[in-house]
Every structure is written in C-alpha cells, then in structure tokens.
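Given next are the chains, with one letter for each unit.
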Amino acid sequence: MKTLLALALVLWSVTAAAQDVTQRGFIEGRAFVFPQDAVNDPTQAVGDFLAREEVFARPAPWLRVAGGIDLRASTHDQVSDDWQPDVSDRGVRRPRLSIRRLSATLTRDHVTLDLGKQFIRWGKADIVNPTDRFAPRDFLNVVDAEFLAVTGARAVVAAGAEAFEGVWVPRFTPSRIPLLDQRWTVVPTEAAGLHVVDATDPNALPRGSQTGFRWNHTGEGFESSLSFYDGFNTLPNVDAHAAGFPPAIAVSRIYPAIRSYGADAAVPLRWLTVKGEASYFTSTTPGTDEYVLYVIQVERQTGEWLLVGGYAGEVVTNQRAALTFAPDRGLTRSLVGRASYTIDPARSVAFETAVRQNGDGAYAKAEYSQAHGAHWRFTATGTLIRGNPADFLGQYRRNSHAALALRYSF
Amino acid sequence: MSRRFSVVLACLTCALLGAPLSALVDDARQIVVESQRRTEAESQRYEGLLQVLSAKGKIADKRWTFERLGSHGRSKAVLRFTAPAEVKGVALLIVNHPERSSDQWMWTPGIERDRRIALQDRSQRFFGTDFSFEDLEERDVDQYDYTLIGDDAAGGAACWKIGSVPKRTKVSQYTRSIVWIRKDTYALARVENYVNDQVVRRLEYSNFEKVHDIWTARQLEMADLRRGSRTRLTLDKLAYDVPLKDDDFTLQAIRRP
C-alpha cells in the first residue's frame, strides 16, 4: 500500500511535468428497480453513484503513465464507509475511494513493460472468456459485472506477426462476490430468517503470486493464441455450514490454486467471423473441480447491426467441488447471443441473452442508450431472468430488474 | 450496369473515338501515379474535426488525432478519438499493404479490448460517421486498374475524370470508383464510389493549401447517398514529415492513450 502510494506520488509529479497529458472521466448515477422482493433482501430500489477520473501522460517518448480514481456511493450499503483511498480492491464492499489504475508503461524497440495496477484482458470471445485469467470482476450485481484491475508486471515482446506476453501478479485480487445479506446471494425459502455470516478469514486470501504466458499470432487471415496460467481462481469455492446461536449459516470463501491451459482463435470468413476460445483447468486444491470451458461464436456486422451468437460449453473432467460461486461456469452449457443496432450517431439499442441448453435457466437484457449533446448519455436497461432454482441462472429468477443510468462524460 | 458491360462500353467508346484503349489506360495510370508521387511524405499528423450531418440536419461533432508513418501502400496509421468525452481513447490501427487490403484493429478502452475489423465488415460505417472502415484505408495506385474517362470540372477546377476498378487481390465493397484529379495540382478533387451501377458514397475535397510542398485538402466531405447523411472532416494542425516511431503503430501502442 505504502509502496503504491509512493509510486502514485512519483507518477503524479512525472505527470505534472509531462507535456502530453490526456484525461477522461465521467459522473454517473444509476437506479435499479427490482419488482420482486428476495428472501433475504426486501430492498426493491437501489441507487448507485460513481465518479471516475483517469489521466494519461507521456513524460518521455519511452514512458507513459496512467492513473485513475473512482469515488462511489450506494443507497444499499454496497460501498465501504472508509474514506481512505483503497489500492488493493480486496474488500467485500466496493471502496468509497479507490485507485482504479496506476501504472507506468516503458517501451523500447519491440518490448513493452507495464508496471503497476492495470487491466489485463486475454481472449477473443465476447460473452464468455475462458482464458481471461487476470481479470477479476465485481459481481455485486451478477449480470452486470465490471472488471477490476490487478497489480503486477506485464511484458510483451512483439516480433512481426508474433507477440509473446509474460505476466506476473504478486498479490492476488479476488473477484467481488455478492454480499451475503443481499439478493444476489440466493437463500432458499426454507432458510428464510437464518442469518448468513461471512466466516472467511481475511488473512486467508492466497498469498502466492500468479504468472501467465501467452503467445499470440496475427496471421493474414486469422489470429490465434496459446496461453498458460498458474495461480488462483478469482472465483471461490464456498464452504457453508450451520454455526452458532442464534442459528446462522457461516460461509467461507476458498480461492483454489489452479493452472489453466488455453487457446483462442478468430478466423474471418467471407460472410462472418468465427471465434473460438477454450481452457482446461486443473487444481491441486482439495474439493476443486477440474474442467474444460469452451466457447464457439460467430460474428457478423451488417448495416447498423452487430450480431454475435454462439455456444458456451463445459466438460467436467474431475468433479470434486460441492459448492462454488462461478458465473463463468454458470453461463456455460448455454446458447449465448448479443445484437446491437446503431439507430443514429446518438442512439443505439442492444439485446443480450443466455439460454441454458436444458432450458433450466435464461436471462435476457435489452438496452436503449441515447446521447444528448457532447457530454450527456441516458441509458435504460431491462433484465429478465427466469428458470429453475437449482440452476445457476434460474436461482436469480426473482432478480429481474430495470435500470436507468445518467452519465456526464468530461 | 455490370463491370463487364462497363468495360465493353469503354472499349466501344474508345474504338469509336479512334483512341487506342491502352493509351488511355496508360495515361490514366500515369496521372494517378503522379498524383500519388506528389503526396508522398515520410509521415503525417493532423487533428480532425468530424461533423456528422444526418438527413434530418442533426449535427454531431467528433474529434480525432491522426498519425501516419510511411506512405502509400506500406504505411501504418493510428486514428484516436479525443471527443466527445465518452469516446475518448477509442483508437483504430490501420496497417496498409501494397498488394492487398489493409489490416485494421479497433481498441475500445471502456472494455479494455481490441477487435480485428474483418474484411467483410469494412463496408460498415466507422463510429457513426459516413466514412466506412474501408474509406480510411490508403488507396495505393497498384491496387486498381485505371481508365481515363475524360475531362470534367470538380470544385471549380479542371480535372481528369478517371475510372478505377479494384484488382482481384483488393477486397472492396465498391465495384468501381470514379476519381477526379485536378489538372493544376494533381490533387484529388472528388471520388465517387459505386456498388454496381449506383453511386453509394461521394467524397469531395476542398480548401486546398500547400503544406510542406504538398497540395492538401483541408476539408473533406463524405456523403452517404443511401442514408442521405454527410460527414465533414476538417484538418487542423496538419503537418508532414513529423518524427514518428514505428513502435507507436502496433496493437500494444493503441492500448496506451
């Protein structure tokens, strides 16, 4: 923490001295309305506020620095009360004030080195990304999850059509799972009235580092990658047991050590682009599944439409886990699709859906977005979730909702 | 009118007028070669103001910075939006090739992802403007076959009117194009792009200035004739032969604003 804050001060002074500085930011208010109440959460209207500012500077031709801060508020206790700037993003609640990114990028010839808190995205698919291992997410709203940055070093060596990438993340950043007393943690009707308490030892988060390697080939007619990841799953196994008096359910999160071996490819054909992505996950942590996640999708842009459709699948090779929180696996064995249409330069609509192949769960999201002038954008979203309570998607069937967002960008 | 019929008609016209077709073709190509030679520069940079005028007259302003390294056919370019605020940082990398269509990637900072623009998607509008992704490519003389159609005026200047048809190796949404080249400066004055017999996009060049000894249009207006909308691009802070590094024209580089 102290090291990062010191780095922040150094970067800030470097940025202040730089001639080539750009910024972007926005202030956004969002309102969610849930027509149905939930067993553990009677709240049906939630308001969020987010202010974000990001600054990018180039103090020297070989050096770029990037910094960003978020300021948040919530009407539903989803934001920590602590005003101290948060760098690690490891809390169960969103930080009030956080360093969203803080990194330095050094380039020399064909080598690029990124150091600090940064976003690292792997994979080519659009809806499910099995190889995207350095990308924890904020799942306080499971179907509207933002990515979190990780703190580490990333080196890329580009040589013609080949790019070799190595990543080292010394400190683990978990995905933020739903709050236990809120609707995205589903409590069975039979357990209504029981308290669910977080029994996770804050010091028990994985201490080891994560490493990854990726080789990307950019061919004339296709792109492909091979990747390897050795570290921890940002999504936890869950241990739930009865505890204490008055009776409660104690929940502990365990982040298993995993290795994954991945590949992805994009092949533009005459009428559409085919994209595929797959990863095989192994683990030495007891009670952790071993499995293959894969997605195959086709993409086509026609007129003002961008259409994406495909299938996300899973093959469990070694079933050992009893309970997990795994939205990536929860969206598999599903047909997935997304369509967006640009009405005019200011207005667009988008539709997204995932339907389980056995019909046990489905969600559909529709979005209308309209810009006003150069700064304002209004977005209305409707999300419908249906299905069987035993299904990952179906369990959220009481969480269908409508959302309105108003953003001022600057 | 099919492409084959156009060629047959051009041959018949040449035969009737007594001019050898090969001479007209050579003349046309030489004019385009000279036009291209006069715009050669090691690099180029400008700040562009884009004004999108819909059929109903609504105007949306966008701004981008454009940097190009190399010239004609072997160049690389990065185009990065600077306004409006919500699209700041969106970038397009274009790697042109002399023998085939360019490679293009778009970086969207909001989702921290880059996306390769597939060839079949190049006919789509670029970010709500009337330019398609293909229109942002650099046209290289060797990617087209040319025929001199005749003389005409465009933008108040006498021009050669030249037909161009993409070669087999060039994947294009357009069946053919007609190009107006000014006789006084060899600068492009107008381009009409056809799909079969229909003009679908018309690009007009205006406000010519000599910058670094290159006659350059400071204003380009692309009209999408099917939609009835137009996009006006005004070039500010235009400079040629500026010092740019090859490393700034890579996928890694467009991820960094």
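Note that the structure is predicted; figures quoted are calculated from it, not measured.

Chemist: Describe the overall build of chain B, listing the residues and the values that go with them.
Modeler: Within chain B, the secondary structure is distributed over three helices and 13 strands. Across the 257 residues in chain B, those meeting the buried criterion constitute 40%. Look at the contacts in chain B between residues 6 or more apart in sequence, and 45% of them connect residues 24 or more apart.

Chemist: Explain the overall build of chain A residue by residue, including any values.
Modeler: On a plain count of helices and strands, chain A comes out with two helices and 23 strands. Whereas a compact globule of 410 residues would reach a radius of gyration of roughly 22 Å, chain A reaches 22 Å, a difference of no more than 12%. Seen along its three principal axes, the alpha-carbon backbone of chain A occupies a region of about 65 × 55 × 50 Å. Residues counted as buried form 39% of the 410 residues belonging to chain A.

Chemist: Give me the lowdown on the interface of chain B and chain A, citing residues and values where you can.
Modeler: Every contact between the two is made by 25 residues of chain B and, on the other side, 30 residues of chain A. Elements with a contribution of two residues or more to the side of chain B that touches chain A: strand 2 (59-69) and strand 6 (113-116) of chain B. Broken down by class, the residue content of the side of chain B that touches chain A amounts to eight nonpolar, seven polar and 10 charged.

Chemist: Quick one: what's the story with the sheet that holds strand 13 (residues 237-243) of chain A, residue by residue and with numbers?
Modeler: All names here are of chain A. Judged by pairing direction, the sheet is mixed, and its three strands sit side by side in the order 10-14-13 without closing on themselves. Looking along the sheet, the strands with just one partner apiece sit at the ends: strand 10 (195-198) and strand 13. On average, each strand axis in the sheet is tilted by 25 degrees relative to the strand beside it, whichever way the strands run.

Chemist: I'd like to hear about unusual backbone geometry, residue by residue, with values.
Modeler: All names here are of chain B. Put simply, A83 and P84 share a cis peptide bond, and its omega is 0 degrees. Note on placement: P84 falls in the loop between strand 3 (76-83) and strand 4 (91-95). Its identity as a non-glycine residue notwithstanding, E112 has a phi of 55 degrees, on the positive side. The topology assignment puts E112 in the loop between strand 5 (103-108) and strand 6. Here F127, not a glycine, exhibits a phi torsion of approximately 50 degrees, which is positive.

Chemist: Which residues make up the nonpolar core, and what values do they have?
Modeler: Generally speaking, nonpolar side chains in soluble globular proteins are found buried as a group. Within the largest apolar cluster, 47 residues are counted, with the highest numbers of intra-cluster contacts made by B:V78, B:A91, B:L93, B:I162, B:I181, B:L188 and B:A189. If we skip the residues at most four places from it in the chain, B:A91 touches B:V78, B:L79, B:R80, B:W107 and B:I254. In this structure, A:W184, A:Y255, A:L331 and A:Y396 belong to the second largest nonpolar core, which totals 27 residues.

Chemist: Can you explain the pairing of strand 17 (residues 290-302) of chain A? Please cite residues and give values.
Modeler: All names here are of chain A. Sheet analysis places strand 16 (residues 273-283) next to strand 17, joined by nine bridges and oriented antiparallel. Counterpart to T273 in the pairing with strand 17 is E299. Where strand 16 folds back onto strand 17 in an antiparallel hairpin, the turn is made up of six residues, including G287, whose phi is positive at roughly 75 degrees. Bridging between strand 17 and strand 18 (residues 305-318) involves 13 bridges; their strand directions are antiparallel. Within strand 18, the residue paired with E299 across the bridge is V308. Taking the residues that link successive antiparallel strands as the turn, the strand 17-strand 18 hairpin has two residues, and the phi of G303 there is positive, at about 60 degrees.

Chemist: Provide a residue-level description of the confidence of the model for chain B, including the pertinent values.
Modeler: Residues and elements named next belong to chain B. Chain-level pLDDT for chain B is 86 on average; 90% of the residues reach the 70-or-more range. In this model residues 1-21 is a low-confidence stretch, pLDDT under 50, and it forms 12 contacts with partners more than four residues away in sequence or in other chains. The complex prediction reports pTM at 0.86, with the ipTM value standing at 0.80.

Chemist: Please give an account of the environment of B:M106 that cites residues and values.
Modeler: Residue and element names in this part refer to chain B. Counting through the fold element by element, M106 comes out in strand 5. Taking the C-alpha atoms as reference points, M106 and I254, separated by 148 residues in sequence, lie 8.5 Å from one another. In contact with M106, not counting residues within four places along its chain, are L92, D114, R115 and I117.

Chemist: Before we move on, could you go through the pairing of strand 11 (residues 198-211) of chain B and cite the residues and values that matter?
Modeler: Residue and element names in this part refer to chain B. Direction of pairing for strand 10 (residues 188-195) relative to strand 11: antiparallel, over a ladder of six bridges. Along strand 11, the bridge assignment pairs V195 with Q198. Linking strand 10 to strand 11, which pair antiparallel, is a turn of two residues; within it N196 sits at a positive phi near 55 degrees.

Chemist: Talk me through the environment of A:V186; I want residue IDs and the actual numbers.
Modeler: Residue and element names in this part refer to chain A. Its place among the elements puts V186 in the loop between strand 9 (162-169) and strand 10. Judged by C-beta crowding, with 20 C-beta atoms within 10 Å, V186 ranks as buried. For the pair V186 and Y396, spaced 210 residues apart in the sequence, the C-alpha separation amounts to 7.1 Å.

Chemist: For the environment of A:F134, give the residues involved together with the corresponding values.
Modeler: All names here are of chain A. With respect to the secondary-structure elements, F134 resides in the loop between strand 5 (111-118) and strand 6 (137-138). On the basis of neighbour counts, which here come to 25 C-beta atoms within 10 Å, the residue F134 falls in the buried class. Measuring from C-alpha to C-alpha, the distance between F134 and G231 comes to 9.6 Å, with 97 residues separating the pair along the chain. With residues up to four places along the chain from it excluded, the contact list for F134 reads I120, W122, V150, V167, V169 and G212.

Calculation criteria
Residue numbers here run from 1 along each chain, matching the order of that chain's written sequence. Chains carry letters from A onward and ligands carry numbers from 1 onward, assigned in written order. The model is predicted, so local features are restricted to residues of pLDDT at least 70 and side-chain atom pairs to those at 80 or more, both for listing and for counting; the totals for chains, interfaces and linings are taken over all residues. Only DSSP runs of H or I covering at least 4 residues are called helices, and only runs of E covering at least 2 are called strands; the numbering of each starts at the N terminus. Exposed residues have 12 or fewer other C-beta atoms within 10 Å of their own C-beta, buried residues have 20 or more, and residues in between are partly exposed; the C-beta atoms are placed from the backbone. It is the C-beta atoms, placed from the backbone, that decide contacts: two residues are in contact if theirs lie within 7 Å. Taken over C-alpha atoms, the radius of gyration is set against a globule rule of 2.2 Å times the number of residues to the power 0.38. Residues are grouped as follows: Ala, Val, Leu, Ile, Met, Phe, Trp, Tyr, Cys and Pro are nonpolar; Asp, Glu, Lys and Arg are charged; all remaining types, including Gly, are polar. Following DSSP output, two strands are said to pair if at least two bridges run between them. Axis geometry follows a simple rule: fit a line to the C-alpha atoms, using only the stretch in contact for helices, then measure angles between N-to-C directions, giving values from 0 to 180 degrees. What makes a nonpolar core is a set of buried Ala, Val, Leu, Ile, Met, Phe, Trp, Tyr and Cys residues, with links drawn between C-beta atoms within 7 Å. The pLDDT value expresses, per residue, how confident the predictor is, ranging between 0 and 100.

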